[in-house]
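Descriptive analysis of the structure
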Amino acid sequence: QVQLVESGGGVVQAGGSLRLSCAVSGRTFSTYTVTWFRQAPGKEREFVSAVSWTGNMYYQDSVKGRFTISRDNAKNTVYLRMNILKPEDTAIYYCAAKRSAYSMQVTQYDYWGQGTQVTVSS
């Protein structure tokens, strides 16, 4: 069984930064793609960024140049560094994992964390 635990959310002013962490249990972390999704009130959950098991990185257009995803296989952890935060980035951020190939689709992910709240004030 794979478990994911997010941390690092909080309240920040527009233009500020946060770093989210996703700690993943399990011996086969290096074979998983790990992805960040977010869900704002009244909206559907949406793809934010992913790092594949091969180390390829993917971003939603609205966060390119502001967010950076990385993984540390030795620590079984994926990070999402978020800079130049905007009020529209306010959401609950979830990390999710799946074996092998990357996907932007929520339904393709088998394992989910509980989410961490990010609030950006204007």
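The text that follows walks through the structure, step by step, so that each part is easy to find. Predicted, not measured: the structure shown is a model, and the values here were computed from it. (Residues numbered from 1 in each chain as written. Predicted model: local features only at pLDDT ≥ 70, side-chain atom pairs only at ≥ 80, totals over all residues. Heavy atoms only, no water.)

1. Description of the sheet that holds strand 8 (residues 77-82)
Note on sheets: strands pair through backbone hydrogen bonds, and any given pair is parallel or antiparallel. Pairing within the open sheet is antiparallel, and its 4 strands lie in the order 1-3-8-7. Of all strands in the sheet, those with a lone pairing partner are strand 1 (4-7) and strand 7 (67-72), marking the two edges. The sheet shows a mean angle of 15° between the axes of neighbouring strands, taken without regard to direction. In this structure, strand 7 lies alongside strand 8, joined through 6 bridges in antiparallel fashion. Paired with Ile69 across the two strands is Leu80, which belongs to strand 8. (Pairing = 2+ DSSP bridges. Helix = DSSP H or I, 4+ residues; strand = E, 2+ residues; numbered from the N terminus. Axes fitted to C-alpha atoms, helices over the stretch in contact; angles between N-to-C directions.)

2. Thoughts on unusual backbone geometry
In the Ramachandran plot, Asn76 falls in the positive-phi region, its phi being about 50° despite a non-glycine side chain. Mapped onto the secondary structure, Asn76 falls in the loop between strand 7 and strand 8.

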